[in-house]
Amino acid sequence: MNWSLDSLGIIHSCYQEKFAVPRQPGLAPSARATLELLPPYNQPECVEGLEDFSHLWLTFLFHQNLEQGWKPRVRPPRLGGNQKIGVFASRSTFRPNGLGLSVVKLESIELQQGVKLHLSGVDLVDGTPIVDIKPYLPWADSLPDATASWAPEPPPLLRVVFDARVEQQLAHHTEGVWLRQLITEVLAQDPRPAYQKNDPQRIYGVMLAGANVKFAFHQQNEQEVIVVLELG
Ligand code: SAH
């Protein structure tokens, strides 16, 4: 059977591009987004009572990947990018119906001029269409005994260091403290695709909250660290 879904709202996110967006929500708690509801869902009635919940489930469309279709087997980054598993055994963004599911923190609700939900901890790129919103119910949705064999815990973090000039720039930035924290949380996830991990010379760039962040991977005391080289 074929169904059609209506976008309830659109995400305005600090993640201006897909690259470097964490692979699950909550990994970068400083990430901010606003979910702007669209007519006819942008009436205060639709969100009455929602302010009593700290977290939400968002169902959304991986809209940037829809044209690329899907395959029955995928290579999850957590398995090093070589081993394949079934698409339904993964959180791959290339899925038959292109639907994603994320639990995010509800910071506040704004009701002047429509409805805006201010969120944090998102793993959603700017412009993501939202197709459903539900409150997170800790007694039903949090399962501390659940197991996840090859992804038992969050991925290890890399150390992130800032070039002195970047520190200077951040010190003069109106939201420098937040931006420094956001960059640290995001880059510590190691955004490189598995196939790029043996190209140590490469300089990467990503647009994050209006800043063009340039970074590279260096060896320090036999450990890989990320150096933030430039903020544009
Ligand atoms: N928590 C969700 C998403 C996990 S995948 C789920 O499990 O269903 C997270 C990745 O989705 C991010 O790293 C980002 O690169 C990608 N992503 C986020 N928004 C997207 C969008 N609108 N279209 C395509 N990919 C997106």
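Anyway, here's the lowdown on the structure attached to this text. (Residues numbered from 1 in each chain as written. Predicted model: local features only at pLDDT ≥ 70, side-chain atom pairs only at ≥ 80, totals over all residues. Heavy atoms only, no water.)

## Regarding the side chain of serine 120
Turning to its location among the elements, serine 120 is positioned in strand β7 (residues 116-120). Residue classification places serine 120 among the buried positions, given a relative accessible area of 7%. A polar contact is formed between the side chain of serine 120 and the side chain of glutamate 107, at a distance of 2.6 Å. The residues contacting serine 120, other than those within four sequence positions of it, are Pro29, Ala31, Arg32, Val104, Lys105 and Glu107. (Helix = DSSP H or I, 4+ residues; strand = E, 2+ residues; numbered from the N terminus. Buried < 20%, exposed > 50% of the residue type's maximum accessible area, 1.4 Å probe, protein only. Polar contact = N/O pair within 3.5 Å; in protein donor to acceptor, adjacent residues only side chain to side chain. Contact = heavy atoms within 4.5 Å.)

## Quick notes on the packing of aromatic side chains
For any pair of aromatic rings, the description rests on two quantities: the centre-to-centre distance and the angle between the ring planes. Considering all chains together, one arrives at 7 aromatic pairs under this definition. A ring pair is formed by phenylalanine 19 and phenylalanine 215, whose centres lie 6.4 Å apart and whose planes are at 10 degrees; its orientation type is stacked. Of this pair, phenylalanine 19 sits in the loop between β1 (9-13) and β2 (32-37) while phenylalanine 215 sits in strand β11 (residues 211-220), placing them 196 residues apart in sequence. An angle of 15 degrees between the planes, with centres 5.4 Å apart, marks the rings of tyrosine 204 and phenylalanine 215 as stacked. Note that tyrosine 204 is positioned in strand β10 (residues 203-208) and phenylalanine 215 in strand β11, a separation of 11 residues in sequence. Considered together, tyrosine 204 and phenylalanine 215 belong to a single accessibility category, that of buried residues. Among the aromatic side chains, those forming a connected cluster through ring pairs are Phe19, Tyr204, Phe215 and Phe217. The ring centre of tryptophan 178 lies 3.9 Å from the NZ or CZ of arginine 32, which sits over that ring. (Phe/Tyr/Trp six-rings, centres within 6.5 Å; stacked < 30°, edge-to-face > 60°. Lys NZ or Arg CZ within 6 Å of the ring centre and 35° of its normal.)

## Some words on the pattern of salt bridges
One pass over the structure, following the stated rule, counts 8 salt bridges. In this structure, the salt-bridge partner of glutamate 107 is lysine 105, at a minimum N-O distance of 3.8 Å. Relative accessible area serves as the criterion here: at 45%, glutamate 107 is assigned to the partly exposed category. Residue class for lysine 105 comes out partly exposed when judged on its relative accessible area of 37%. The shortest N-O distance in the salt bridge between glutamate 167 and arginine 180 comes to 2.7 Å. Here glutamate 167 is found in helix α2 (residues 164-172), whereas its partner arginine 180 is found in helix α3 (residues 176-187), with 13 residues between them in sequence. Here the salt bridges share partners, and the residues they tie into one network are Asp190, Arg192, Lys197 and Glu224. (Salt bridge = Lys/Arg side-chain N within 4 Å of Asp/Glu carboxyl O.)

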